[in-house]
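Overview (structure and organization)
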Amino acid sequence: MTAGPGHSVDMMGATSTSAPLELTSKPGVATSTFSVVDYVVFALLLLLSLAIGLYHAYRGWGRQTIGQLLMADRKMGCFPVALSLLATFQSAVAILGVPSEIYTFGTQYWFLGCSYFLGLLIPAHIFIPVFYRLHLTSAYEYLELRFNKAVRICGTVTFIFQMVIYMGVVLYAPSLALNAVTGFDLWLSVLTLGIVCAFYTALGGLKAVIWTDVFQTLVMFLGQLAVIIVGSAKVGGLGHVWEVAAQNGRISGIELDPDPFVRHTFWTLAFGGVFMMLSLYGVNQAQVQRYLSSRTERAAVLSCYAVFPCQQVVLCMGCLIGLVMYAYYQEYPKSAQQAQAAPDQFVLYFVMDILKGLPGLPGLFVACLFSGSLSTISSAFNSLATVTMEDLIRPRFPEFSEAQATRLSKIIAFCYGLFCLGMAYVSSQMGPVLQAAISIFGMVGGPLLGLFCLGMFFPCANPLGAIVGLLAGLLMAFWIGIGSIVTSMGSGVPPSAPNSSSLSLPTNMTTVTMATLIPLTTVSRPTGLQRLYKLSYLWYSAHNSTTVIVVGLLVSLLTGGMRGRTLNPGTIYPVWPKLLALLPLSCQKRLSCKSYSQVDSPVGSPVCPEKMGNGMLWGSRNQEALAVPEAGSTHQGSSPTFILQETSL
């Protein structure tokens with residue numbers, strides 16, 4: 001698809017220029033201005049977010065432990081955890097990106113909601129029980145329990161690399177878009193948001209982050225709802241909106257093409273999207289930390305269930321804003337400036353058009369936009385501080401007291417906040433390199449998912465196989481991802497990013513990619529490696545995680561599997577018994593096996609090792625571990641364990 005001379009259709013489907021990427025606003029462009037009421041509404045968002053953090057810091061002042069700071073003392077309820085899970089990856093990019101996708105391509109993207117069912121059901125019944133019963137703080141502690149410390153360090157470093165690259169741009173890019181459309185001061189908003197977020201995250205810990213997420217989620221809902229209500233009222237109601245969209249081909253049917261190289265089909269969205277959801281809601285530290293902060297395992301599972309309807313509502317609201325925007329601009333044509341706008345600016349121009357005569361509502365939408373940024377960035381700060389403290393510092397310095405560890409955790413969280421501001425400045429100076437740098441965020445999620453699945457579902461996988469598999473998955477992700485970007489640049493088409501969304505920045509910008517939305521539609525049908533580079537972004541997590549599993553299993557089997565090593569049964573999910581349960585009773589008796597997995601043990605039973613106070617693991621790990629016999633040895637007992645059966649398989 002093309003969009004006129006000098007322009008091309010970018011990942012979000014809107015027109016953007018193909019000039020070199022420059023992170024500057026165009027001088028002399030007329031912008032809509034904020035009223036005093038709008039500034040007051042926006043300031044209230046910051047003040048209330050800061051107040052929540054200071055309140056929780058004050059309540060625990062002088063007696064706050066490391067568990068209270070990083071894990072909210074493991075006493076959080078289902079409702080706040082669910083809204084925090086929702087807010088963590090509901091960034092400003094999604095608020096701006098989904099309506100632009102619907103405006104340009106129609107409602108095909110709406111079918112992504114089908115992936116939410118399995119994408120949340122699998123974490124609720126597989127990942128949460130395993131993680132929760134191991135009593136973890138960092139998700140990467142699991143990797144040491146299952147493999148060894150080297151695998152844990154590899155997973156931790158990969159996660160830190162992923163989040164550090166991401167967090168600066170998720171703050172800077174929406175601020176730049178807002179500055180171009182409304183005249184809102186760029187660096188004032190970046191600095192204010194970064195410092196406020198760093199303060200309440202460092203002082204209040206996870207509990208403050210979760211409760212501010214609750215508040216910010218409500219602000220996001222209100223801001224988007226205001227746009228839908230006012231916008232639909234101006235064009236004659238939602239019925240008229242749907243009618244206009246249907247008449248102009250914006251209501252998509254079910255596209256059943258199984259080709260994985262087609263950008264969006266039902267299969268790509270409904271099943272490829274499952275793997276993307278698993279990489280976010282199954283093994284990402286920011287989400288796992290919230291599951292583990294729940295007061296009970298049941299509360300953690302219920303919070304995962306509760307995210308499902310909330311995600312559907314959020315998706316529907318984004319799609320409705322896109323349809324209302326389309327109907328509005330059919331009736332009120334865009335100005336010349338708006339017609340040349342980048343995709344992220346579409347929504348902002350639309351909001352300023354319909355809300356400009358209603359003081360306070362533009363400020364509410366800006367508060368909604370930055371609530372998305374705040375919730376995502378605060379989660380990044382908190383999760384980075386947790387893995388840095390638990391995986392890198394405390395195991396090396398076990399002599400730290402509780403008070404010293406708590407104080408150091410606060411300092412680390414605040415330092416990550418300052419580092420985020422530095423990354424925002426770096427983002428403004430990176431130019432064309434920014435596209436590839438931010439695409440890396442989407443490339444890393446799939447290999448990490450594959451690493452956890454390798455350990456959880458394949459008892460024969462050993463540490464060497466895990467490390468080689470992770471490296472192979474990362475190499476595959478970078479090869480295809482960066483190859484896609486370079487190929488697209490060489491063909492003069494804006495590059496697509498794997499497993500990511502695009503946020504086209506103002507003026508003469510191409511595309512900047514971020515978390516979880518949409519890459520580009522191609523014009524020609526490539527062949528060979530060029531065709532591989534055009535694999536739909538929603539299949540990237542599946543492709544990269546499968547690479548980790550296949551390579552990891554091959555290396556493990558070639559190096560003797562777990563022979564001679566100990567295997568903690570609490571780290572394995574009992575796939576074989578679960579599959580047996582689906583068979584008739586007669587078959588179950590014939591193929592009966594005994595499961596040593598912690599998933600089948602009573603909740604709270606101490607089948608897994610506990611951690612020492614310094615973040616290291618007790619020596620009881622070896623006492624509880626199940627030794628896998630040498631090849632040819634005879635297993636004594638009436639029935640073999642599922643671990644041995646799957647290992648031999």
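Residues numbered from 1 in each chain as written. Predicted model: local features only at pLDDT ≥ 70, side-chain atom pairs only at ≥ 80, totals over all residues. Heavy atoms only, no water.

1. Brief notes about the overall build of the chain
A count of helices and strands for the chain gives 24 helices and six strands. Within the chain, residue pairs in contact and separated by at least 24 positions form 83% of the contacts whose partners lie at least 6 positions apart. Summed over its atoms, the accessible surface of the chain is roughly 23,500 Å², and 67% of this surface lies on carbon and sulfur atoms. (Helix = DSSP H or I, 4+ residues; strand = E, 2+ residues; numbered from the N terminus. Contact = heavy atoms within 4.5 Å. Areas by Shrake-Rupley, 256 points an atom, 1.4 Å probe, with all protein chains shown as cover.)

2. Section: unusual backbone geometry
Phi at A72 is positive, roughly 55°, even though this residue is not glycine. Examined against the element boundaries, A72 turns out to sit in the loop between α2 (66-71) and α3 (78-88). Despite not being glycine, D73 shows a phi value in the positive range, around 60°. In this fold, D73 is placed in the loop between α2 and α3.

3. What about the packing of aromatic side chains?
Summed over the entire model, instances satisfying the criterion amount to 22 aromatic pairs. Linked through ring pairs, Y103, Y326, Y328, Y329, Y332, F346 and F350 together constitute an aromatic cluster. Above the plane of the ring of F346 lies K334, whose end atom (NZ or CZ) is 3.7 Å from the centre. (Phe/Tyr/Trp six-rings, centres within 6.5 Å; stacked < 30°, edge-to-face > 60°. Lys NZ or Arg CZ within 6 Å of the ring centre and 35° of its normal.)

4. Focus on the packing of helix α1 (residues 36-59) against helix α8 (residues 186-234)
Running from amino to carboxyl end, α1 crosses α8 at an angle of 105°, the nearest separation of the two axes being 7 Å. By the angle between their directions, the pair α1 and α8 is classed as roughly perpendicular. A per-class count over the contact of α1 with α8 returns 16 nonpolar, seven polar and one charged. (Axes fitted to C-alpha atoms, helices over the stretch in contact; angles between N-to-C directions. Parallel < 35°, antiparallel > 145°, perpendicular 65-115°, else oblique. Nonpolar A, V, L, I, M, F, W, Y, C, P; charged D, E, K, R; others polar.)

5. What about the nonpolar core?
Formed by 161 residues in total, the largest nonpolar core has its most connected members in F131, Y142, F350 and M456. In contact with F350, other than residues within four places in its own chain, are V227, G231, I321, V324, M325, Y328 and Y329. (Core = buried A, V, L, I, M, F, W, Y, C linked by side-chain atoms within 4.5 Å. Buried < 20%, exposed > 50% of the residue type's maximum accessible area, 1.4 Å probe, protein only.)

6. Overview of the environment of C316
Tracing the sequence through the fold places C316 in helix α12 (residues 297-331). The spacing of C316 and V98 is 218 residues in sequence and 9.7 Å in space, taken between C-alpha atoms.

7. Side note on the environment of L121
When you line up the elements, L121 lands in helix α5 (residues 115-133). It is 9.8 Å that separates the C-alpha atoms of L121 and G282, two residues lying 161 residues apart in sequence.

8. A closer look at the pattern of salt bridges
What the rule picks out here adds up to seven salt bridges. With its nearest N and O atoms 2.7 Å apart, the salt bridge here joins R133 to E297. Pair noted here: R133 is in helix α5 and E297 is in helix α12, with a separation of 164 residues, a long-range link. We note that R133, like E297, is buried. Two residues, R290 and D213, come together in a salt bridge whose shortest N-O distance is 3.6 Å. Of this pair, R290 sits in helix α11 (residues 285-292) while D213 is found in helix α8, placing the two residues 77 residues apart along the sequence. Among the charged side chains, a salt-bridge network with shared partners connects E144, K149, R152 and D391. (Salt bridge = Lys/Arg side-chain N within 4 Å of Asp/Glu carboxyl O.)

9. Thoughts on the side chain of T406
Turning to its location among the elements, T406 is positioned in helix α16 (residues 402-429). Note on T406: relative accessible area 5%, which makes it buried. Once you skip the residues sitting within four places of it in the chain, T406 turns out to touch Q64, T65, I66 and L69.

10. Details of the environment of P260
Note on placement: P260 falls in the loop between α9 (238-247) and α10 (266-281). Exposure remark for P260: the relative accessible area of 28% places this residue in the partly exposed category. The spatial distance from the C-alpha of P260 to the C-alpha of L532 is 9.9 Å, given a sequence separation of 272 residues.

11. Some remarks on the confidence of the model for the chain
On average, residues of the chain carry a pLDDT of 78, and 76% of them reach 70 or more. With pLDDT under 50 throughout, residues 493-523 is counted as low confidence; its partners more than four residues away or in other chains account for 158 contacts. Confidence drops under a pLDDT of 50 for residues 593-610, and excluding neighbours within four residues, the segment shows 54 contacts in the predicted structure. (pLDDT = per-residue confidence, 0-100.)

12. Quick word on a nonpolar patch on the surface
The grouping of F117, L118, I254, L256, W267 and F271 at the surface amounts to a nonpolar patch, some 580 Å² of accessible area in total. When contributions to the nonpolar patch are tallied by element, the ones reaching two or more residues are α5 and α10. Take F117: it is sitting in helix α5. (Patch = residues over 30% accessible without salt bridge, like charges linked within 9 Å, V, L, I, M, F, W, Y side chains within 5 Å.)

13. A few points about helix α20 (residues 540-558)
For α20, spanning 19 residues, the distance from its first C-alpha to its last is 27 Å, which sits close to the expected 27 Å at 1.5 Å a residue. Turning to α20, its buried residues are Y540, S541, A542, N544, S545, T547, V548, I549, G552, L553, V555 and S556. A positive phi of about 95° marks G560, the residue just after α20. (Expected span 1.5 Å × (residues − 1).)

14. Observations concerning the packing of helix α4 (residues 92-105) against α12
Helix packing geometry: the angle between the two helix axes and the distance between the axes. At their nearest, the axes of α4 and α12 sit 7 Å apart, and the two run at 50° to each other. It follows that α4 is oblique to α12 by the angle criterion. Between α4 and α12 lies a crossing of right-handed hand. Two secondary-structure elements touch here, α4 through V98, P99, S100, I102 and Y103 and α12 through G318, C319, I321, G322, L323, M325, Y326 and Y329. Grouping the amino acids of the contact of α4 with α12 by side-chain chemistry returns ten nonpolar, three polar and no charged. (Left-handed = near helix turned anticlockwise from the far one by under 90°.)

15. Quick word on the side chain of S378
Relative to the assigned elements, S378 resides in helix α15 (residues 361-393). Residue S378 is classed as buried on the basis of its relative accessible area, which comes to 0%. Beyond its immediate sequence surroundings of up to four residues, S378 is in contact with C197, Y200, T201, V209 and D213.

16. Considerations on α3
With nine of eleven residues buried, α3 is to be regarded as a mostly interior element. Regarding α3, the residues found buried are P80, V81, A82, L83, S84, L85, L86, A87 and T88. Lining the buried residues of α3 we find α8, α10, α11, α12 and α15.

17. Observations concerning the state of the cysteines
Inspection of every chain in the model, using the stated rule, returns zero disulfides. C316 takes part in no disulfide bond, and the closest cysteine sulfur, belonging to C319, lies 6.6 Å away. You can call C316 partly exposed: its relative accessible area is 28%. Note on C420: no disulfide assigned, nearest cysteine sulfur contributed by C197 at a separation of 7.5 Å. Here C420 falls in the buried class, since its relative accessible area comes to 0%. (Disulfide = S-S within 2.5 Å.)

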